Amino acid sequence: MQKLLIKGKRELIGKISISGSKNASLPILAASILADEVKLKNVPLVKDIFTMITLLKFIGLEINISKKKNSLIIQNKNKNIKTIAPYKLVKTMRAGVLVLGSLLTKYKKAKVSLPGGCAIGTRPVDLHLFALKKLGAKIKIKGGYIIAEAKRGLRGTVINFPSISVGATENALLAAFKAKGQTTLKNCAIEPEILDLISFLNKLGGKIKISGRKILINSSEMIKKKISHKVIFDRIEFGTYLIAGVLIGKKITIDKIETKFVKNEINILNRIGANIDVKKNSITIGKNKKLKRLDITTKPYPGFPTDLQAQFMVLMTQVNGKSQIKENIFENRFMHVPELRRMGAKIEIKNKTAFIEGPTKLNGAEVMATDLRASVSLVLAGLIAENRTIINRIYHLDRGYEFLERKLKKCKANIKRV
Ligand code: EPZ
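From a predicted model like this one, the values you see are computed outputs, not experimental measurements.

Colleague: Is there a simple way to explain the pattern of salt bridges in this structure?
Modeller: A side chain with one charge may pair with a side chain of the opposite charge, provided their charged atoms come close. Counted by the stated rule, this structure contains 17 salt bridges. A salt bridge links Lys287 to Glu11; the shortest N-O distance between them is 2.4 Å. Pair noted here: Lys287 is in the loop between β17 (282–286) and β18 (295–297) and Glu11 is in the loop between β1 (4–7) and β2 (12–17), with a separation of 276 residues, a long-range link. Salt-bridge contacts for Arg399 lead to Asp48; the nearest nitrogen and oxygen are separated by 2.7 Å.

Have a look at this one:
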């Protein structure tokens, strides 16, 4: 099994270009089922994207990958489509459940495996099914599969989500795309990745408008045959390298971003006194000395993202004073804490809140990655720790970080995969 070896305390200097967003590419790939031909640019070629490609190929789509250009051409010209997402694919990547909305819209039926539990929480899909039922789909659960049908097509309606879910909003958008009449989605997730999906669907001929947490969808009869779309930047990858820069950067520039989507993260760094220079499409981080303590609560966008909680926790081990993080989205997303403690971090957990003492010297150790963001927090800890850190189970990292070692090595980090 592959491991990462990091020799810490090497100052970072150079430029990091951010890849396209994994969490925008996945629903857009699911939405490509609706089109005849899609050219997708700026797709990060990470494990989760390959899993989604395998799923779409299983369904019957043809996909050509240009690794050099990070682009994909997806064609749906097959008459013998399988409207199925099998267990073996959905269990390895929950976003597989997003094909449900597209399959129902285009083929009026779908059989999609229930994703099951996940390391960071139970993560049910009841809100996805709630929305699809409201749109008129008949849904049964049988043998671990969601069996959905809408023989006469779906019908527009008002859907008021009882709580905010990224995936349920995406599935509802895909299902409502051609639903008869008008659909209003209320209390929606409005992450930049959802805005990107809406922009993709509108290019495809959709009539979708967003205002606050409300999304209005008018039935779209005309679907464009061929479209091209460039996926937005990965704001979580950006936030991860931003923290690396603040922790141990001499001078790091991060580009290929849009800072308007990451105002929250930038405001926090300004508040704690980080040395950052913000431009429209890039940010430069200089050397930092004393940083102030901070408190964070994870919330749906535009609140602070749960996907950056573990990385900010590493930053909190280096600021002055006791900081706090309240995790409000997932019930089991502190699995990096025992590993960070093994490296010397002083962190206590009470219910949903972690209390982090800083500044604390970290010491390299052999640690274990447990999920994507927990893993990358261990990379950040390794970069600032004394001596050598060995990170096991790095297949989690490969699910979502494109060229992680290459990007860090280019900035003089001592990191290698063995
Ligand atoms: C998306 O997951 C992201 N994944 C996650 O990123 C991210 O952590 C999460 O949104 C929150 O921002 C993708 O975009 C592929 P949710 P999703 O539905 O859609 C509960 C990463 O590291 N819920 O917004 O699954 C759920 O259990 C990953 O890249 C229900 O109760 O998240 C959670 O507590 C991990 N019923 C909360 O809502 C439902 O039907 C938010 O989940 C759906 C969700």
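Colleague: What's the story with the site of the ligand in this structure? I'm lost.
Modeller: Residues in close proximity to the ligand total 20 residues, the closest being Asp126, Leu127, Ser165, Asp307 and Ile329. Take Val166: an N or O atom from its main chain is 2.7 Å from an oxygen atom of the ligand. The backbone of Ile329 places a nitrogen or oxygen atom 2.6 Å from an oxygen atom of the ligand. For the ligand, the protein covers 83% of the area, taking 830 Å² as the surface of the free molecule. Split by domain, the shell around the ligand shows at least three residues from each of two domains, domain 1 (4–18 + 234–417) and domain 2 (22–218).

Colleague: In this structure, what is going on with the side chain of Gln309? I would like to understand it.
Modeller: In this fold, Gln309 is placed in helix α10 (residues 309–316). Side-chain polar atoms of Gln309 contact the backbone oxygen of Arg333, separated by 2.9 Å.

Colleague: Teacher, can you tell me more about the domain arrangement of the protein here?
Modeller: Frequently, the measure chosen for interface size is the accessible area removed from exposure when the parts meet. Domain boundaries in the protein define domain 1 (4–18 + 234–417) and domain 2 (22–218). Contacts between the two partners involve 21 residues from domain 1 and, on the opposite side, 23 residues from domain 2. Together domain 1 and domain 2 conceal approximately 1,700 Å² of surface at their shared face, both sides included; 52% is due to carbon and sulfur atoms. It is Tyr301, Arg399 and Glu402 in domain 1 that bury the most area against domain 2; as a group they hold 35% of the surface buried on that side. Across the contact surface, domain 1 and domain 2 share two salt bridges.

The rules behind the values
Residues numbered from 1 in each chain as written. Predicted model: local features only at pLDDT ≥ 70, side-chain atom pairs only at ≥ 80, totals over all residues. Heavy atoms only, no water. Salt bridge = Lys/Arg side-chain N within 4 Å of Asp/Glu carboxyl O. Helix = DSSP H or I, 4+ residues; strand = E, 2+ residues; numbered from the N terminus. Near = heavy atom within 4 Å. Polar contact = N/O pair within 3.5 Å; in protein donor to acceptor, adjacent residues only side chain to side chain. Areas by Shrake-Rupley, 256 points an atom, 1.4 Å probe, with all protein chains shown as cover. Domains from an automatic or database assignment. Contact = heavy atoms within 4.5 Å. Buried area = accessible area lost by both parts, 1.4 Å probe.

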